[in-house]
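Okay, here's what each chain looks like letter by letter:
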Amino acid sequence: MILALRALGVGDLATAVPALRALRAAHPGRDLVLAAPGWLAPLVDLVGGVDRLVPTDGLGRPDPALRTPRVAVNLHGRGPESHRMLAGTRPGRLLAYASPEAGHHDGPGWRDDEHEVDRWCRLLDWYGIPADRTDLDLRRPAPGGAPTGVTVLHPGSKIPAKRWPPGRFAALARQLAARGHRVVLTGSPDERATAQRIADAAGLPADAVLAGRTDLGRLAALVAYARLVVSGDTGVAHLATGYRTPSVVLFGPVSPAQWGPPPDRPRHRVLWAGGQGPPRWDGVGSHPTLAAIGVDEVVATVDEVERAVRVCRAVAA
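Residues numbered from 1 in each chain as written. Predicted model: local features only at pLDDT ≥ 70, side-chain atom pairs only at ≥ 80, totals over all residues. Heavy atoms only, no water.

K.L.:
Any details on the pairing of strand β3 (residues 52-55)? Residues and values, ideally.
P.N.:
Inspection of the sheet shows strand β2 (residues 32-36) paired to β3 by four bridges, in the parallel sense. Following the sheet pairing, V33 is matched in β3 by R52. Chirality of the crossover, the property in question, places the unit of β2, helix α3 (residues 41-47) and β3 among those that are right-handed. (Pairing = 2+ DSSP bridges. Helix = DSSP H or I, 4+ residues; strand = E, 2+ residues; numbered from the N terminus. Right-handed = clockwise from strand over helix to strand, strands pointing away.)

Listed below in structure tokens is the structure:
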């Protein structure tokens, strides 16, 4: 068994896809087991190559099903908690960043400013396992009952500082709808009230509010067949990258150099209003680097993205 730990969220799993596929290629005859939250199962299926998901929340005592892997790989963090958790599975070998505090002196040194995709590719490369940082595409699910060709606005985030003001999302929704976009609003059940206020202010129909009504599998299908995605720096943005769905991602406080889509893909654009801000914002509402992004700037970037898509289609034809 090859065990990989990534007990985090949607964006975290999406940025680890190249590393997971590299592990699959390096160990074709062994089971690849992923320790990650159970609710990520629909997305794990779309990554491909993972033989089994062992539901793992947090970094406590490891599940007995994870015992004695041939190789354990820490795709979670720098340690020491994640290192110690994997060491507790008694692996034949642990691949991880150096963490003297955890008693792990092997592995490369951690870089705070590294892009999250590159971080895990570099870790594996240090151990002689080549990984392709461009291998980010996800399997496209059947659309099922999800609407296709819609423009997805995702105003929420687990981190309040990463939320663009709702009033600006409403203004954006109103302008896009006037241009012929079929706008829908996504989010968690806790974000449904905010999505409803945005829809009401924008004059959108009741069925435009999908927040709290889509599980992860249906959300992936929605993004996979969407016309456009506009969101903050959150998991939905990484789904758009994985499906090459045109997107505009609003960043703050963390730089897109650490979590943004590949810069060589013209159908994905980022907006970033400043230098590296503090990772935590003690004020109320959006971080200043995010609040500095205006509606007109987002609309203009949407136009740029859609022009780029038309050019790509014309070249392909």
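K.L.:
Go over the packing of aromatic side chains, please, and point to the residues and values.
P.N.:
For the coordinates displayed, the defined rule picks out five aromatic pairs. Taken together, the ring pairs connect Y97, W110 and W120 into an aromatic cluster. One cation-aromatic arrangement involves R119 over W110; the distance from NZ or CZ to the ring centre is 4.1 Å. (Phe/Tyr/Trp six-rings, centres within 6.5 Å; stacked < 30°, edge-to-face > 60°. Lys NZ or Arg CZ within 6 Å of the ring centre and 35° of its normal.)

K.L.:
Now, about the nonpolar core: what can you tell me, with residues and values included?
P.N.:
Ranked by size, the top nonpolar core spans 47 residues in total, and within it L23, L34, L43, L75, L222 and V223 carry the most contacts. In this structure L34 touches A4, R6, L13, L20, V44, V50, R52, L53 and V54, once residues within four positions along its chain are discounted. Among the nonpolar cores identified, the runner-up in size contains 31 residues, and L153, L172, L271 and V299 belong to it. (Core = buried A, V, L, I, M, F, W, Y, C linked by side-chain atoms within 4.5 Å. Buried < 20%, exposed > 50% of the residue type's maximum accessible area, 1.4 Å probe, protein only. Contact = heavy atoms within 4.5 Å.)

K.L.:
Report on the sheet that holds β3, specifying residues and quantitative values.
P.N.:
With parallel pairing, five strands are arranged side by side in an open sheet as β3-β2-β1-β4-β5. Single-partner strands in this sheet number two, and they are β3 and β5 (94-95). Packed on one face of the sheet, helix α2 (residues 17-26) meets β1 (2-5), β2 and β4 (71-74) and runs near 155 degrees to β2. (Axes fitted to C-alpha atoms, helices over the stretch in contact; angles between N-to-C directions.)

K.L.:
Go over helix α7 (residues 192-202) with me, naming the residues and quoting the values.
P.N.:
Of all the residues in α7, the buried ones are A195, I198, A199 and A202. Across the axial projection of α7, the buried residues extend over an arc of 100 degrees, all falling on one side. Of the exposed residues in α7, those oriented more than 90 degrees away from the buried face are R197 and D200. Elements in contact with the buried residues of α7: α6 (166-178) and β7 (183-185). Where α7 terminates, the next one or two residues include G203, which has phi positive at roughly 75 degrees. (Arc of directions from axis to C-beta.)

K.L.:
Break down the pattern of salt bridges for me, with residues and values.
P.N.:
Once the charged atoms of two side chains with opposite charge are near each other, the side chains can pair. Here the structure, examined in full by the defined rule, presents 14 salt bridges. Note that R122 and E114 form a salt bridge whose closest N and O atoms lie 2.8 Å from each other. By relative accessible area, which is 17% here, R122 ends up buried. By sharing partners, the salt bridges in this structure join R6, E116 and R119 into a single network. (Salt bridge = Lys/Arg side-chain N within 4 Å of Asp/Glu carboxyl O.)

K.L.:
Explain α2 to me, and be specific about the residues and the numbers.
P.N.:
Across the 10 residues that make up α2, a large majority, eight, are buried. On its buried face, α2 sits against β1, α1 (10-15), β2, α3, β4 and α5 (116-126).

K.L.:
Run through the sheet that holds strand β8 (residues 228-232), naming residues and quoting values.
P.N.:
Judged by pairing direction, the sheet is parallel, and its five strands sit side by side in the order β7-β6-β8-β9-β10 without closing on themselves. Edge positions in the open sheet fall to β7 and β10 (268-272), since each of these has one partner strand only. Across the sheet, the axes of successive neighbouring strands diverge by a mean angle of 15 degrees, strand direction being ignored. Sheet topology places strand β6 (residues 151-154) next to β8; four bridges connect them, and they run parallel. Bridge pairing in β8 links T151 to L228.

K.L.:
So what about the environment of R307? Which residues, and what values?
P.N.:
The topology assignment puts R307 in helix α12 (residues 295-316). Counting along the chain gives 236 residues from R307 to V71, while the straight-line C-alpha distance between them is 46 Å.

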